[in-house]
Amino acid sequence: QKHLLGIEPLHPVEITTILDLAETYVDLNRRAVKHSDVLAGLTQINMFFENSTRTQASFELAGKRLGADVMNMAMQASSIKKGETLIDTALTLNAMNPDLLVVRHPHSGAVDLLAQKVNCAVLNAGDGKHEHPTQALLDALTIRRAKGRLHRLNIAICGDVAHSRVARSNLILLGKMENRVRLVGPPTLVPRQFAEFGCEIYDDMEEGLKDVDVVMMLRLQRERMDGGFIPSEREYYHRYGLDAEKLAFAKDDAIVMHPGPMNRGVEIDGTIADDINRSVIQEQVEMGVAVRMAAMDLLARNLRAETQEGVYV
Ligand code: CP
């Protein structure tokens, strides 16, 4: 692949290749000296048109630990504010010969469109409700490390699936790797057409969490609700917030995941989130750096294979 725009185009073998390489970067990231030069001489530009803590920081650290020259565009201070379009912004940066562009954008499809206009490799850091491929990959690595495998697991994705690119990318990835995925939440936030992904749908946490190996919680993504149905937080927590009582329906060794940012007391109880025996939320963050290193390393190898004497053709 030239770009990483989504999980949809990836073959299970490619997913496994990324995760296997990421394992080696987990080890590198735990060393006192966390440095490699596999991206030395390459330029990485991060363009985040939407807020981020985890994804932006981990892409920046990943590039720096691999020796790339990393530039973070301050999009709020860019000429976008003077009316320049996304495409003209991309063409302008493209003229400076970057090698890797990391892009987050609030509109579904915007990153794919941008990728058609530039010569370098583009990594989707989340586009609207569409895809968040590196999140699904880091979740997959976290599950594989915790459970010892990434197939034939029962996994519940709970909460606001309708507005979640994380849920969509995870559904696709976990399905490709032959897991059984359940979606759990109110019908307004888990549209029944998601059944087309081959998953089971539940609107009751007791039924949805029964005997699952993995519980993945999602926040209410109010910024994408377009003034539609917004549940009261109190009522939502009562019915769908993960607490010890609801978690007891899952297997005794079920792990708890959350992509962040997390709203304690809304979709998850703070004591569950902090329970080091059940929650792997901090491991997810750690795996994010390793997975992004692996993704950029593999795309850079493809770029080098496509170039002649270092000049893109
Ligand atoms: N999970 C995730 O994408 O978090 P950020 O929005 O903080 O990057």
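Every value quoted in this text rests on a predicted model; they were computed, and no experiment measured them.

1. Section: the overall build of the protein chain
Here is step 1: If you tally the helices and strands in the protein chain, you get 11 helices and nine strands.
Here is step 2: Computed over the C-alpha atoms, the radius of gyration of the protein chain is 20 Å, within 12% of the 20 Å expected from 2.2 N^0.38 for a compact globule of 313 residues.
Here is step 3: Projected onto its principal axes, the C-alpha positions of the protein chain cover 60 × 45 × 35 Å.
Here is step 4: A sequence separation of at least 24 residues applies to 74% of the contacts in the protein chain between residues at least 6 apart.
Here is step 5: Put simply, the protein chain shows about 13900 Å² of open surface, and 49% of that area lies on carbon and sulfur atoms.

2. Points about the packing of helix 1 (residues 12–29) against helix 11 (residues 281–306)
The relative placement of two packed helices comes down to the angle between their axes together with the axis-to-axis distance.
Here is step 1: Two numbers describe how helix 1 lies on helix 11: the axes approach to 8 Å, and their chain directions differ by 120°. With respect to helix 11, the element helix 1 is oriented oblique. Here the hand of the crossing between helix 1 and helix 11 comes out right-handed. Contact residues: Thr17, Ile18, Leu21, Ala22, Tyr25, Val26, Leu28 and Asn29 in helix 1; Glu286, Met287, Val289, Ala290, Val291, Met293, Ala294, Asp297, Leu298 and Arg301 in helix 11.
Here is step 2: Classifying every residue of the contact of helix 1 with helix 11 gives 13 nonpolar, two polar and three charged.

3. Focus on unusual backbone geometry
Here is step 1: For the bond running from glycine 260 to proline 261, omega is -10°, close enough to zero to count as cis.
Here is step 2: Not every positive phi belongs to a glycine, and aspartate 211 is a case in point at roughly 65°.
Here is step 3: Within the fold, aspartate 211 resides in the loop between helix 7 (205–209) and strand 8 (214–217).

4. Some details on the UniProt feature "binding site: carbamoyl phosphate" (unreviewed entry) in the protein chain
Here is step 1: The residues that UniProt annotates with the feature "binding site: carbamoyl phosphate" (unreviewed entry) are Arg54, Thr55, Arg104, His132, Gln135, Gly260 and Pro261.
Here is step 2: Its location among the elements puts arginine 104 in strand 3 (residues 100–105).
Here is step 3: Judged by its relative accessible area of 6%, arginine 104 falls in the buried class.
Here is step 4: With residues near it in sequence (within four places) discarded, arginine 104 still touches Met47, Phe48, Phe49, Glu50, Asn51, Ser52, Thr55, Ala125, Gly126, His132 and Arg165.
Here is step 5: A polar atom in the side chain of arginine 104 sits 2.9 Å from the backbone oxygen of asparagine 51.
Here is step 6: One can find histidine 132 in the loop between strand 4 (121–127) and helix 5 (133–147).

5. What about the pairing of strand 8?
Here is step 1: Both faces of strand 8 are covered, namely the face carrying Val214 and Met216 and the face carrying Val215 and Met217.
Here is step 2: With four bridges connecting them, strand 5 (residues 154–158) and strand 8 associate as parallel partners. In the sheet register, isoleucine 155 faces strand 8, and the bridge partner there is valine 214.
Here is step 3: Two strands pair when backbone bridges link them, and strand 8 and strand 9 (residues 255–257) are joined in this way by three bridges, in the parallel orientation. Of the residues in strand 9, the one forming a bridge with valine 214 is isoleucine 255.

6. A few points about the UniProt feature "binding site: L-aspartate" (unreviewed entry) in the protein chain
Here is step 1: Residues annotated in UniProt with the feature "binding site: L-aspartate" (unreviewed entry) correspond here to Lys82, Arg165 and Arg219. In three dimensions, the annotated residues from a span of 138 residues occupy distinct locations, with a maximal C-alpha spread of 33.1 Å.
Here is step 2: Inspection of the secondary structure puts lysine 82 in the loop between strand 2 (69–73) and helix 3 (86–94).
Here is step 3: On the secondary structure map, arginine 165 appears in helix 6 (residues 165–176).

About the thresholds
Residues numbered from 1 in each chain as written. Predicted model: local features only at pLDDT ≥ 70, side-chain atom pairs only at ≥ 80, totals over all residues. Heavy atoms only, no water. Helix = DSSP H or I, 4+ residues; strand = E, 2+ residues; numbered from the N terminus. Rg over C-alpha atoms; globule rule 2.2 N^0.38 Å. Contact = heavy atoms within 4.5 Å. Areas by Shrake-Rupley, 256 points an atom, 1.4 Å probe, with all protein chains shown as cover. Axes fitted to C-alpha atoms, helices over the stretch in contact; angles between N-to-C directions. Parallel < 35°, antiparallel > 145°, perpendicular 65-115°, else oblique. Left-handed = near helix turned anticlockwise from the far one by under 90°. Nonpolar A, V, L, I, M, F, W, Y, C, P; charged D, E, K, R; others polar. UniProt positions renumbered as here; feature names shortened; annotations may be inferred. Buried < 20%, exposed > 50% of the residue type's maximum accessible area, 1.4 Å probe, protein only. Polar contact = N/O pair within 3.5 Å; in protein donor to acceptor, adjacent residues only side chain to side chain. Pairing = 2+ DSSP bridges.

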